[in-house]
Amino acid sequence: MVSKYTLFAVVAAVVSYLVGNGVITPPWYLAFGYVGIFIEGFLVQFTVWAFYSVLLKHRLSPLRHLPGPKDNGLFMGQWDNMVGEQLGGPQRTWARTIPNDGIIRFLGIFNKERLLITSPKALSEVLTTKSYDFIKPYEFSVGIGRLLGIGVLLAEGDEHKFQRKNLMPAFAFRHVKSLFPIFWSKSVEVVFAIDNEIKNTAGAPPSEAAIDAGISRDVKVNSDQAIVSVGQWFNRATLDIIGLAGMGQDFNAIADPTGDLYQAYVRTFRPSREAFALQILSLFISHAIIRHLPFKHNREVNKSVKIIRDISRDLIIKKKERLAKGLEADKDILSVALESGAFTDDQLVDQVMTFLAAGHETTATAMIWAIYLLGLHPAIQTRLRAEVRASLPSPDSGDSITAADIERLPYLNAVCAEVLRHHSPVPMTLREANVNTSIQGVPVPKGTMLYLVPWATNRDPKLWGPDVDEFEPERWLRDASGGAETNYAFLTFIHGPRSCIGEKFARGEFACLVAAFVGRFEFELADPRMEDERTIPIKRGATSKPENGLWIKTRKVEGW
Ligand code: HEM
């Protein structure tokens, strides 16, 4: 489709030719030759278009009658609220306070119209029955695609159906069950590593360089207690798990955080002023241009992406060699993708990149919130520790576990489900109507942007009851659905054909990591300022976690 800028340029060129040759004479213009008239022509069109789209379009929109927040800025709609609060925060408030039938309309930057989808019925249409009417917005895909590759997460339409069908066998629960020994062995390894760190870490805070490189942030308190920064440990553990269970390759990031792959992710996700500035710039300029601007952050991300791509390619070559040698077929994600014969080598690289990134940062974020919430609620922590110790083998025993061992721990499963409800690692995701369609009978024009916000839906009192903000694992013991009347009240993994393909994998590794950590350690928040979750600065991005990390006073509990 021709872009509006191309159209403006063509019209301006024609006008410039006609005026320059005296065919037409506008009542007023500055005669600076053909180029001057071209620029004037372009600017006049741009100004008319900008005036229309910022000040008029939303007033004439067929969606203008939908309920929504009224305190809009003249040019920037709800922008001030959205940047001033945690990601998903304003949407959580609107879903609670603005009476609506499932759709709330709000204005974003330059008064662009957006729809927040709130009711289970509307969510089921967008996510399930009309899933392919909605796509991931182009700019979102280009931005995140640099790091994730264009794999199943970003493919659309028939291409997505094809990729998902061929990857599904690797994620069937029958298969995921066989991965529990890997989940457990890495959970035990990270617990041992943290235990060692508590014994050996120095009394002084680690150097800035070590913190920056995601290597150590831990500080000794006394002989058996240290302040541990849990985030980096769980990133290392989940990267190892997706490596082993997903690709058959141990990246050894728990043992050695200086490895290329782990460091590539540390550089990419490291918050910096430049990264934030580029994020803001991406609201005005295409990601395709931004990534080439000469900034240090861009150079670091580009370098990291090359490393991740090269490692992904190497993994594929090694796997192919194993297959060619006729070695026993592996059942990891990469082997399933290779054996399906559905993907070219380049497509496989994109899939591997997708699974590496989507498969580790999310679960590591879930772990941060689990430790945060259990640090805040010592009674729940103690009860969970008792259940784990009574039922699972001590890490020291060297014994492994099965999926059934985890399944039969009701409190562990309830705690994990409640963490995922209370603090969804992915706070929100976006969709764009790809065709003229409708939601709950409301006509939705092509191009309309939709917000699906687990941070709002998972905490909506209409769906969960008045105790929605309590961290209350019991709700999952009373009722397998947590007390909500519908699945669509729980959006952590989304639903339908674009739901998280790794949900069962994620729930399995998450339960193992929580069990091993809580079984072995007693812990509390090191920073009392974090006790009020509403005031914690949260990092903005695809996943939401505390911007300054999570620091907990940790002590080994003997006897298991
Ligand atoms: C607690 C951990 C996790 C959470 C909260 C989570 C959440 C999500 C969400 C919300 C989506 C939908 C994104 C969207 O449509 O915009 C998604 C998609 C996806 N996730 Fe996860 N995820 C987790 C773990 C994993 C793991 C461990 C893997 C891989 C092993 C994985 C692989 C994927 C893939 C490939 C997709 C795209 C699916 C598709 O579009 O067909 N995720 N995830």
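Position numbers for residues count from 1 along each chain, tracking the sequence in the order it is written. Totals for whole chains, interfaces and linings use all residues, but because this is a predicted model, local features are given only for residues with pLDDT of at least 70 and pairs of side-chain atoms are given and counted only at 80 or more. Excluded from the side-chain calculation are hydrogens and water; included are all heavy atoms of the structure.

S.K.: Even after reading the chapter, I still don't get the pairing of strand 6 (residues 429-433), so can you show me in this structure?
M.R.: Looking along a regular strand, one sees the side chains alternate between the two faces of the sheet. Here the term buried applies to any residue with accessible area under 20% of the maximum for its type, exposed to any over 50%, and partly exposed to those in between, with areas from a 1.4 Å probe on protein chains only. A helix here means a DSSP run of H or I that spans at least four residues, while a strand means a run of E at least two residues long, and both kinds are numbered starting from the N terminus. Taking burial as the measure, the five residues of strand 6 include four buried ones, the bulk of the element. The sheet contact formed by strand 3 (residues 134-135) and strand 6 spans two bridges and is antiparallel. By the bridge assignment for strand 6, Ile135 is matched with Glu432. Any two strands with at least two DSSP bridges between them are considered paired. The pairing of strand 6 with strand 9 (residues 449-452) spans four bridges and is classified as antiparallel. Each bridged residue has a counterpart across the sheet, and for Leu430 the counterpart in strand 9 is Tyr451.

S.K.: In this structure, what is going on with the site of the ligand? I would like to understand it.
M.R.: Any residue with a non-hydrogen atom lying within 4 Å of a molecule or strand is treated as near it. Taken together, the neighbourhood of the ligand is formed by 28 residues, with His160, Arg164, Thr429, Arg431 and Cys500 sitting nearest. Polar contacts, as counted here, are pairs of nitrogen or oxygen atoms within 3.5 Å of one another; within protein the pair requires one atom able to donate a hydrogen and one able to accept it, and residues that are adjacent in sequence qualify only if both atoms are side-chain atoms. In the model, an oxygen atom of the ligand is placed 2.7 Å from a nitrogen or oxygen of the Arg164 side chain. At 2.7 Å, a side-chain N or O of Arg431 approaches an oxygen atom of the ligand. The set of elements that each furnish at least two residues to the shell around the ligand consists of helix 7 (157-167), helix 17 (345-358), helix 18 (361-376), strand 6 and helix 25 (503-520). When residues in the shell around the ligand are grouped by element, the largest group, three residues, is from helix 25. The class makeup of the residues in the shell around the ligand is 15 nonpolar, eight polar and five charged. Three classes are used: nonpolar for Ala, Val, Leu, Ile, Met, Phe, Trp, Tyr, Cys and Pro, charged for Asp, Glu, Lys and Arg, and polar for all others, with Gly counted as polar.

S.K.: Would you explain the confidence of the model for the protein in this entry?
M.R.: Note that predicted coordinates carrying low pLDDT should not be read in detail. Within the protein, residue pLDDT values average 90, and 95% of them lie at 70 or more. Scoring the predicted complex yields pTM 0.91 and, for the interface, ipTM 0.99. As a per-residue measure, pLDDT reflects the predictor's confidence and takes values from 0 up to 100.

S.K.: What's the story with the coordination of the iron atom of the ligand in this structure? I'm lost.
M.R.: Around a metal, the idealised angle for a tetrahedral arrangement of four donor atoms is 109.5 degrees; for an octahedral arrangement of six donor atoms it is 90 or 180 degrees. The donor set covers N, O and S atoms within 2.8 Å of the metal, switching to 3.2 Å for Na, K and Ca, and it leaves out water, so a site may look short of donors. On the protein, Cys500 (SG) is the one donor atom to the iron atom of the ligand, at 2.3 Å. On the secondary structure map, Cys500 appears in the loop between helix 24 (474-478) and helix 25.

S.K.: Hey, could you run me through the domain arrangement of the protein in this one?
M.R.: One widely used convention gives an interface's size as the accessible area the parts lose upon coming together. On domain assignment, one finds that the protein holds domain 1 (1-60) and domain 2 (157-556). Averaged C-alpha coordinates put domain 1 and domain 2 at centres separated by 50 Å. Reported domain spans reflect what an automatic or database domain assignment gives.

S.K.: What exactly am I supposed to notice about the UniProt feature "transmembrane region" (unreviewed entry) in the protein here?
M.R.: The UniProt feature table records "transmembrane region" (unreviewed entry) at residues 32-55. Along residues 32-55, the helical share is 96% and the strand share 0%, with 31 Å between the first and last C-alpha atoms. UniProt positions are given in the numbering used here, feature names are shortened, and annotations may be inferred rather than shown by experiment.

S.K.: How do you make sense of the environment of Phe106 when you look at a structure like this?
M.R.: Among the secondary structure elements, Phe106 is positioned in strand 1 (residues 103-107). When its relative accessible area of 1% is taken as the criterion, Phe106 is described as buried. Between the C-alpha atoms of Phe106 and Ala253, which are 147 residues apart in sequence, the distance is 43 Å. In this description, contact between two residues means that some pair of their heavy atoms is separated by no more than 4.5 Å. Not counting chain neighbours up to four residues away, the residues in contact with Phe106 comprise Pro69, Gln78, Met82, Gln91, Trp94, Lys112, Glu113, Arg114, Leu115, Leu116 and Tyr451.

S.K.: Any chance you could explain the state of the cysteines here in plain terms?
M.R.: Each disulfide consists of a covalent bond between the sulfur atoms of two cysteine residues. Cysteine sulfur atoms are paired as a disulfide whenever they come within 2.5 Å of each other. In total, this model carries zero disulfides according to the counting rule given. With no disulfide of its own, Cys512 has Cys416 as its nearest cysteine by sulfur position, at a separation of 9.2 Å. Look at Cys512 and you get buried, because its relative accessible area is 0%.

S.K.: Would you take a moment to explain unusual backbone geometry for this structure?
M.R.: Positive phi is not limited to glycine here, since Asn252 has a value of about 55 degrees. Considering the arrangement of structural elements, one finds Asn252 in the loop between helix 11 (230-247) and helix 12 (260-269). Classification of Asn252 as partly exposed rests on a relative accessible area of 36%.

S.K.: Is there a simple way to explain helix 16 (residues 333-340) in this structure?
M.R.: Every α-helix carries 3.6 residues per turn, so stepping three or four residues along brings you back to the same face. Taken across its eight residues, helix 16 has six buried, putting it largely inside the fold. Inspection of helix 16 places Ile333, Leu334, Ser335, Val336, Ala337 and Leu338 among the buried residues, and these make up the whole buried set. Check the buried side of helix 16 and you find it contacts helix 7, helix 11, helix 15 (296-324) and helix 17. The positive-phi residue at the C-terminal boundary of helix 16 is Gly341, with phi of around 70 degrees.

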